[in-house]
Each structure stands twice: as structure tokens, then as C-alpha cells.
Amino acid sequence: MAVKNFKQPELVDEVIGLDEKRRQTQNLLDTVSSQANAAARQIGELMRTGKKDEAEAIKANTGKWKEESKQLGEQLAALEAELQDKLVLLPNLPHSSVPKGITPEENEVVLENGSIPELPANALPHWELAAKYNLIDFELGVKITGAGFPVYKNKGAKLQRALINFFIDEAEKAGYSEVSVPLMVNAASGFGTGQLPDKEGQMYYVGVDDLYLIPTAEVPITNLYRDVILKADELPVKNCGHTPCFRREAGSYGAHVRGLNRLHQFDKVEIVQVVHPDKSYEVLEGMSAHVQSLLQKLGLRYRVLRLCGGDMSFGSALTYDMETWSAAQQRWLEVSSVSNFETFQSNRLKLRFRNAEGKTQLAHTLNGSALALPRIVATLLENNQTDKGIKIPEALVPYTKFEWID
RNA sequence: GGAGAGGUGUCUGAGUGGUCGAAAGAGCACGCCUGGAAAGUGUGUAUACGCCAAAAGUGUAUCGAGGGUUCGAAUCCCUCCCUCUCCGCCA
């Protein structure tokens, strides 16, 4: 947890102490309940055989037990609630390969791939290209909703659909079966995947109906398996799905979030797996490879980062970020994040499987973006700009049905 | 949103105050039977937490959720959630 830069080590001792107390209390309560149950059975027996007097005699004792068990029950509930409250504040333990560090600069570059695009001398950033070719209207989005909600038009809109379909098809080829899920979830789902309570302020919340707009398809898709006990042969579960994602991104403004770099609403294809604990790191590499294959097919220069403890999300044990090189902005843009949550989510979800001994055991959950659209669009536009217009990558042409944006 | 009906184990479905963690059937698992299978037949078949080094065992809780009545609740009462039928609205 020190690797993860966790600030409250004393919380761990508190949790251990609370659990100790919880067990003691349950023990007491069980004993009292046991006595009361025995007495109730005895009374039943006596009543049936007509020995009313004896029954009445035993009844006299029950008041005491009732009082005691009520008190103990309340204590136990309070302890469990307190324990739970503290427990959900503990982040996941990082995998041993996670580098120490606090800032994104301390992330480890695992590999870089692809060629550096050669741009014409007058190369433009994507927000200017979007205006030049009439692909995206940011101002119109501001009018009808607000900043960070762009309106895609013409070939810009078609490019969205093309990318979504391309990503879904690729995911299905890789064995993921598609699901189409609700865009709003209840609080229980938010807790299940760890967005609550950690990221409460980052989600849009619909108060009248007590629902949250999903920040990622990870939430509804993974929660499909909440309170589920899978058979061993049902693993691995592989799902993919496209959804819009909604993020408040409270407090982030400025030049580095211009254009498509950071949005309140964007489209994403997500891949999710539920796997046997022995397989999860192997699967994580596989998911990383899948995401990389997409970037390769789109002809984008990218790099893979192993996130350092401080930059990793609350629930993750190991995260790879994929970034594409934006030639016109001269910077790397994060387009995917694939993580192994080990049992962090499954513990909250009560997502288990029956192991070889026939016992229930927590499964491991993983997910990753494959891929998020806006920054892919940004780098595609920027890196593929020519004097004649913007060239669509070959792999995408069957989906766009056009080769050039001009 | 209005009126009514209902929520029981993997499923169907009994169960209106004690002997009910819950009949029966199906499914599933294992065994017998068989050349092999089907049929037949026998046994088993929830989850969580606690005690125990662990297995075995055992205690407690759970019949949509929470609370109440009672010595004792699947069963009675209250609140909430959900499902179904009819009406309303509607892509």
C-alpha cells in the first residue's frame, strides 16, 4: 500500500481491531440465540404435552435473553457497518511489478511501437481540422448542453460509428461476446466496481431516481455478474460493449483539455473478463495485446505504460495505459487503460466461482478500453492529415465507406 | 401514475404460528444396473458468518429487503423494493 501512496496506514490496524471485536460479539450473540432457541423448542414441546406450568417457568427466563440478544445484535450491526465503512476506504494492493511513484512521470514505459508520422509543414491540431472539414461542432454542443459535449457532423459522425463497429467486430473476433447495457446504474452497482465511494463526485447523479450515469461500461458490464456464483467451466467470461461514458471531470480546465482531449461525454468500447485467479495476469497481457493490435491496425504510433502506484486507480492491482502519439500536439494521449482488479471488485460484487474442491472462491475481474474514441479520432485526424485531406486507415475503410476526409 | 395479484432453494411448486433450511417433482453430481447409453434405482445437492490448526463437526443468520408482534415467524402486522395483469401515458 505504500507503493500505492496510501495515506492512512492506521486504517489497516483499525480494520483488524474492528474485525476482532466483530467476531467476539457474534460469538456472544450466537450463544445467547442458541439458548433462546433451545428454550423456545422446549416450550413448544411442553405446551404440546400439556405441561403449561413448566412452560411458563421457562418463559420467565426468556426476557433476559431477548434483551441481551437485541443489544448484541445492535452492537454487531454497528460493528459490521463501521467495519464496512472503513474497509471500502482501503485501496487494492498493487502487484509486485508496480513501480513506486506518485506522478505520471514515474510510470514505466514498457514499449513503444509504430512509426513517427511525417506531417506537412502547416500541420493543424485536431480541433482546427475538425472545424476545417466540418466534422465536429464544439460550440453547438455548448449551446445545447455545455462544454465537453461535442456535436459530431457529416464524416465526423460517420467516423464515430465506423470506429465503434470496427472495435466491436475486433473484440468479437477475439472471443468477446457483445452486450448492450443500461447507461444508468444504481448505487449498489457503483459500489460493486469501486466507483463508490471513491469517485462519487466524478459521476453524474440523477437525484430524483437515485441513479448514476455510467463513467464507463465497466460498471454495468461487470455488475452483470454481481451476486453470481459461476461454474468453473463458465470461466473465463468475456464481454464487450459499446456505451457512451459520462464524466464530470470536475476541476479540469485549460489548454491541455482542448478539443477532444477531455470530454464530459464520449463513446467507448469496453472489454471485460471474469477469470480464474491463476489466469488473471496472463489474461491481462492478452487484453493488452488486443488493444495494441487495434492501434497497429489503425497505424498509430503508441506506447504502453505500466502505471506507478500513485497513478493507478483505487481498485486496480496492475494497470497498463496505452497512449498514442499526437504529432500535431506533440504529446502522448491516453486512449486505453487495462487493469487487473484481482478480487477487489469481485469481493464487493460477491462474484464467485466453484473451484476444483467444490468450494466458492472469488474470481478475478479485468477490464480495458478497446478503445475510447475521442483521442483516437484526434490522433487519426492529426497524424493522417495531408495536403489532399485526411487519409482514413485501410482497416477502417470498410466501416467508413470512404477513404478520405476532404 | 391508478387498481388488483404475487415474490419460497438451480427450476417448478407445497407450506397460515412450534416437530420448517423448508414437502414433492424436475435438474445436476456420484454410485448401482448396462457391451455402451436410455430407462430404472440408491445417495447427495443453498449461502454467509462464528467456533475448531484443518477436515469432520457444530452454533447462528437467511423463504424479496428492513422493522414490529410473540417464549417461538416462511406463516401475523407495518414500511419499502421488485414482478405480473388491467387502465393511463408513450418511442
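Keep in mind it's a predicted model, so treat the numbers as computed, not measured.

Asks: How do you make sense of the sheet that holds strand 17 (residues 385-386) when you look at a structure like this?
Replies: What links the strands of a sheet is backbone hydrogen bonding, and the strands pair in either a parallel or an antiparallel sense. Ordered by their spatial adjacency, 3 strands build an open sheet running 17-18-19, and the pairing between neighbours is antiparallel. The outermost strands of the open sheet, each flanked by one partner alone, are strand 17 and strand 19 (404-405).

Asks: I would appreciate a short explanation of the domain arrangement of chain A in the present structure.
Replies: Think of interface size as the accessible area that goes away when the parts come together; that is how it is often given. Per the domain assignment, the segments of chain A are domain 1 (10-87) and domain 2 (104-405). When each unit is reduced to the centre of its C-alpha atoms, the spacing between domain 1 and domain 2 is 49 Å.

Asks: Sorry if this is basic, but what is going on with the protein's contact with RNA strand B here?
Replies: Neighbouring RNA strand B are 20 residues; Arg22, Gln26, Arg352, Arg354 and Thr360 lie closest to it. Near the protein, meaning within 4 Å, the atoms of RNA strand B are sugar or phosphate in a fraction of 75%, with bases accounting for the rest. Measuring from a base nitrogen of RNA strand B, one finds a side-chain N or O atom of Asp30 at 3.0 Å. A distance of 3.5 Å separates a phosphate oxygen of RNA strand B from a polar atom in the side chain of Lys359. If you list the elements that add at least two residues to the surface near RNA strand B, you get helix 1 (10-48), helix 2 (52-87) and strand 14 (352-354). Looking at the surface near RNA strand B element by element, the count peaks at 12 residues for helix 1. For the surface near RNA strand B, the class distribution of residues is 3 nonpolar, 8 polar and 9 charged.

Asks: Sorry, what's going on with the environment of Thr216 here?
Replies: Summarising the element assignment, Thr216 is placed in the loop between strand 7 (211-213) and helix 7 (218-223). When its relative accessible area of 6% is taken as the criterion, Thr216 is described as buried. Thr216 sits 201 residues away from Val15 along the chain, and the two C-alpha atoms are 30 Å apart. What Thr216 contacts, discounting residues up to four positions off in sequence, is Gln195, Cys245, Arg247, Lys268 and Glu270. In this structure the side chain of Thr216 is engaged in a polar contact, spanning 2.9 Å, whose partner is the side chain of Lys268.

Asks: Looking at this structure, how should I read the nonpolar core?
Replies: Most often, soluble globular proteins keep nonpolar side chains buried together rather than apart. The biggest cluster of nonpolar side chains holds 58 residues, and the ones touching the most others in it are Leu163, Phe167, Leu295 and Ile376. The greatest single-element share of this core, amounting to 7 residues, is contributed by helix 5 (residues 154-173). Once residues lying within four places of it in the same chain are set aside, the contact partners of Phe167 are Val269, Leu294, Leu298, Ala370, Leu371 and Leu373. One finds Leu29, Val32, Ala39 and Ala55 within the second-largest nonpolar core, a separate group that totals 10 residues.

Asks: How do you make sense of the sheet that holds strand 8 (residues 229-230) when you look at a structure like this?
Replies: If you trace the 3 strands from one edge of the open sheet to the other, you get 8-14-15, paired in mixed fashion. Here the strands that pair on one side only, and so sit at the sheet edges, are strand 8 and strand 15 (360-362).

Asks: Would you take a moment to explain helix 5 for this structure?
Replies: Since the α-helix advances by 3.6 residues per turn, residues separated by three or four positions end up pointing in the same direction. The terminal C-alpha atoms of helix 5, which comprises 20 residues, lie 29 Å apart, in line with the 28 Å expected from a rise of 1.5 Å per residue. Taken together, the buried positions of helix 5 are occupied by Gly156, Leu159, Gln160, Ala162, Leu163, Ile164, Phe166, Phe167, Ile168, Glu170 and Ala171. Positive backbone phi, approximately 95°, marks Gly175, located one or two places after helix 5.

Asks: Help me understand unusual backbone geometry, please; the structure alone is not making it clear to me.
Replies: A negative phi angle is the norm for most residues apart from glycine, just as the trans form is the norm for most peptide bonds. Put simply, Leu235 and Pro236 share a cis peptide bond, and its omega is -5°. One non-glycine residue, Asp210, lies in positive phi territory at about 55°. Residue classification places Asp210 among the partly exposed residues on the basis of a relative accessible area of 40%. Positioned with a positive phi, Asp227 is a non-glycine residue whose angle comes to about 60°. Looking at the element boundaries, Asp227 is found in the loop between helix 7 and strand 8. Residue class for Asp227 comes out exposed when judged on its relative accessible area of 53%.

Asks: Even after reading the chapter, I still don't get the packing of aromatic side chains, so can you show me in this structure?
Replies: Aromatic ring pairs are defined here through the distance separating the ring centres and the angle between the ring planes. Taken as a whole and judged by the stated rule, the model has 6 aromatic pairs. Each ring, one from Phe149 and one from Tyr204, has its centre 6.4 Å from the other, and the planes form 55°; the classification is tilted. Taken together, the residues Phe149 in the loop between helix 4 (138-144) and strand 3 (151-152) and Tyr204 in the loop between helix 6 (187-192) and strand 6 (205-206) connect sequence positions 55 residues apart. With a centroid separation of 5.6 Å and an interplanar angle of 70°, the aromatic rings of Phe166 and Tyr399 are classed as edge-to-face. Taken together, the positions of Phe166 in helix 5 and Tyr399 in helix 11 (residues 397-400) put the pair 233 residues apart, joining distant regions of the chain. Exposure remark for Phe166: the relative accessible area of 2% places this residue in the buried category. Each residue in the set Phe166, Phe167 and Tyr399 is aromatic and connected to the rest through ring pairs, giving one cluster. The aromatic ring of Phe402 is capped on one face by Lys155, whose charged end is 4.6 Å from the ring centroid. A cation over a ring is seen here: Lys238 above Tyr176, with NZ or CZ 4.7 Å from the ring centre.

The rules behind each value
- Residues numbered from 1 in each chain as written.
- Chains lettered and ligands numbered in written order.
- Predicted model: local features only at pLDDT ≥ 70, side-chain atom pairs only at ≥ 80, totals over all residues.
- Heavy atoms only, no water.
- Pairing = 2+ DSSP bridges.
- Helix = DSSP H or I, 4+ residues; strand = E, 2+ residues; numbered from the N terminus.
- Domains from an automatic or database assignment.
- Near = heavy atom within 4 Å.
- Polar contact = N/O pair within 3.5 Å; in protein donor to acceptor, adjacent residues only side chain to side chain.
- Nonpolar A, V, L, I, M, F, W, Y, C, P; charged D, E, K, R; others polar.
- Buried < 20%, exposed > 50% of the residue type's maximum accessible area, 1.4 Å probe, protein only.
- Contact = heavy atoms within 4.5 Å.
- Core = buried A, V, L, I, M, F, W, Y, C linked by side-chain atoms within 4.5 Å.
- Expected span 1.5 Å × (residues − 1).
- Phe/Tyr/Trp six-rings, centres within 6.5 Å; stacked < 30°, edge-to-face > 60°.
- Lys NZ or Arg CZ within 6 Å of the ring centre and 35° of its normal.

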